[in-house]
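What follows is each chain in one-letter form.
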Amino acid sequence: MLLSIRNLSVSYRTIYGKLNVLDNVDLDIDRGEIVGIVGESGSGKSTLGQAITRLLPPSAVVNGSIQIDGKDLLSLSEGEVTKYRGTSVFMVLQNPFTSLNPVKTVGYQLLEAARIKMERSGEKWNEDKGYEMSINALKDLRFPDPDVIMRKYPHQLSGGQIQRVVLAMSLILKPKVLIADEPTSALDVTIQAQVVNLFKELNKKLDISILFITHDISLAYVISSRLVVLYAGRIMEDGDVESVIREPSHPYTQKLIAGVPDMSKFVSPDVKLESIPGQPPSFMQLPSGCKFNPRCPFVMDVCKQREPELIKMDKRRVRCWLYE
Ligand SMILES: Nc1ncnc2c1ncn2[C@@H]1O[C@H](COP(=O)(O)OP(=O)(O)OP(=O)(O)O)[C@@H](O)[C@H]1O
């Protein structure tokens, strides 16, 4: 297993008290998988991505374990974390304009990535080779004029171009896991489709695993091979993307799909989709029992009393009393 997360809990210390955001998350990700992490705003998706990249703020308290290739990330020192970032795990952020250093040219930043990659692979730094790696990466990311792009500053590029530069950087660094947190939400729709295709190409070319974080289940459907549905910091459903969309088991997954009318054509006619109003609960006041119970159309007494486990059913994992 490439990435193995066990009993991961994250809470934030705030002036209102402790917010327990992620609750005992167990997640295994294989080499080459593209896993869509979906859920409404506030479900804990970014917290999960930041925990894996060790980018949580100091107010976060983390418990559990996160292993990549058997190495426990949570026990790494700050110095070791810097080494692991980039070549083990690479993060693509939502806002492309904060991903690059605004006062350095694209070329400077790509050459820096090439230097890191060469040094970490035990090679001596060679600027000509670094330049060639950078140009090739830009060509792979469909820049017709890579030499020109190398001389540009981030503010001279569009959001879509910057995301492609960031992906070129990951092509140079060849991380084992790429975490993309809403990487296309700041882009317009046509550019969004191009960038999504580039993620897929990167996944094929490097056999890299991708965690694609998005609130948009239809986008997750297009890119992912597997879907993990988060609600109130819990995994509610996890399975192969086609089967989860065709036959969503958890009422919350059904709700997410019902919220996107175009998706209903992919759903089996046997599944009756309920559209569910309301908002996710606040972490300050989580309901007892199943965290989805106040919004669930199938709620039973047990749902209000005890929280269901995430149980395995064939190739799926589901957290719902309907299946226990
Ligand atoms: N630094 C922080 N301090 C306190 N609370 C935080 C902090 N960061 C996130 N939270 C809270 O943790 C919860 C989960 O946030 P998170 O950003 O992980 O969710 P998300 O699913 O990624 O949402 P979004 O799509 O809106 O980014 C939210 O209630 C949020 O307010």
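Residues numbered from 1 in each chain as written. Predicted model: local features only at pLDDT ≥ 70, side-chain atom pairs only at ≥ 80, totals over all residues. Heavy atoms only, no water.

Looking at an unreviewed UniProt entry, the protein carries the name ABC transporter ATP-binding protein, with the source organism given as Thermocladium modestius. Per UniProt, the protein has the following entry under Subcellular location (unreviewed entry): "Cell membrane". (UniProt positions renumbered as here; feature names shortened; annotations may be inferred.)

Moving on to the sheet that holds strand E11 (residues 311–313). On the basis of which strands lie adjacent, the open sheet formed by eight strands has the order E6-E7-E8-E3-E9-E10-E12-E11 and mixed pairing. Strands with a single pairing partner mark the edges of an open sheet, and in this sheet they are strand E6 (89–92) and E11. Each strand axis lies, on average, 20 degrees off the axis of its neighbour in the sheet, ignoring direction. When strand E10 (residues 234–240) meets strand E12 (residues 316–318), the two strands line up antiparallel, connected through two bridges. In the sheet register, Asp238 faces E12, and the bridge partner there is Arg317. (Pairing = 2+ DSSP bridges. Helix = DSSP H or I, 4+ residues; strand = E, 2+ residues; numbered from the N terminus. Axes fitted to C-alpha atoms, helices over the stretch in contact; angles between N-to-C directions.)

Moving on, we get to the nonpolar core. Burial of nonpolar side chains together is a common tendency in soluble globular proteins. Ranked by size, the top nonpolar core spans 38 residues in total, and within it Val92, Leu110, Leu138, Val165, Leu167, Leu178 and Phe199 carry the most contacts. Looking at this core, the element that brings in the most residues is helix H6 (residues 159–173), giving nine residues. Once residues within four sequence positions are removed from consideration, Phe199 is found in contact with Val92, Leu167, Leu178, Ala180, Pro183, Ile210, Phe212 and Ile223. In terms of nonpolar packing, the next biggest core, distinct from the first, is built from 35 residues, Ile5, Leu22, Val25 and Ile66 among them. (Core = buried A, V, L, I, M, F, W, Y, C linked by side-chain atoms within 4.5 Å. Buried < 20%, exposed > 50% of the residue type's maximum accessible area, 1.4 Å probe, protein only. Contact = heavy atoms within 4.5 Å.)

The subject of this paragraph is the sheet that holds strand E4 (residues 60–68). Across the sheet, four strands lie side by side as E2-E1-E4-E5; this open sheet has antiparallel pairing. Sheet topology places strand E2 (17–29) and strand E5 (71–72) at the edges, where each strand pairs with a single neighbour. For strand E1 (residues 3–14) and E2, the ladder comprises nine bridges, and the chain directions are antiparallel. What sits directly across from Thr14, in E2, is Gly17. Running at roughly 115 degrees to E1, helix H1 (residues 45–52) makes contact with E1, E2 and E4 of the sheet.

A separate point is the environment of Phe143. By secondary structure assignment, the location of Phe143 is in the loop between helix H4 (127–140) and helix H5 (146–150). Using a relative accessible area of 4% as the deciding quantity, one classes Phe143 as buried. The spacing of Phe143 and Gly130 is 13 residues in sequence and 17 Å in space, taken between C-alpha atoms. If we ignore the near neighbours within four places in the chain, the residues touching Phe143 are Leu138, Ile149, Gln161, Arg164 and Val165.

On to the pattern of salt bridges. By the definition in use, this model includes 17 salt bridges. The salt bridge partner of Glu201 is Arg142, with a shortest N-O separation of 2.5 Å. You can see Glu201 sitting in helix H7 (residues 189–206) and its partner Arg142 sitting in the loop between H4 and H5, a full 59 residues away along the chain. The class of Arg142 is partly exposed, set by a relative accessible area of 47%. Here Arg317 ties to Asp238 by a salt bridge, and the two come within 2.9 Å at their closest N and O atoms. Here Arg317, found in strand E12, pairs with Asp238, found in strand E10; they are 79 residues apart in sequence, far enough to count as distant. (Salt bridge = Lys/Arg side-chain N within 4 Å of Asp/Glu carboxyl O.)

Time to look at the site of the ligand. Inspection of the region around the ligand gives 14 residues, with Ser41, Gly42, Lys45, Ser46 and Thr47 positioned closest. Gly42 places a main-chain nitrogen or oxygen 2.7 Å from an oxygen atom of the ligand. For the ligand, an oxygen atom lies 2.8 Å from a polar atom in the backbone of Ser46. Contact with the protein chains covers 64% of the free accessible surface of the ligand, which is 630 Å². Of all the secondary structure elements, the ones that give two or more residues to the shell around the ligand are E1, E2 and H1. For the shell around the ligand, the element with the highest residue contribution is H1, accounting for three residues. In terms of residue class, the shell around the ligand is built from five nonpolar, seven polar and two charged. (Near = heavy atom within 4 Å. Polar contact = N/O pair within 3.5 Å; in protein donor to acceptor, adjacent residues only side chain to side chain. Areas by Shrake-Rupley, 256 points an atom, 1.4 Å probe, with all protein chains shown as cover. Nonpolar A, V, L, I, M, F, W, Y, C, P; charged D, E, K, R; others polar.)

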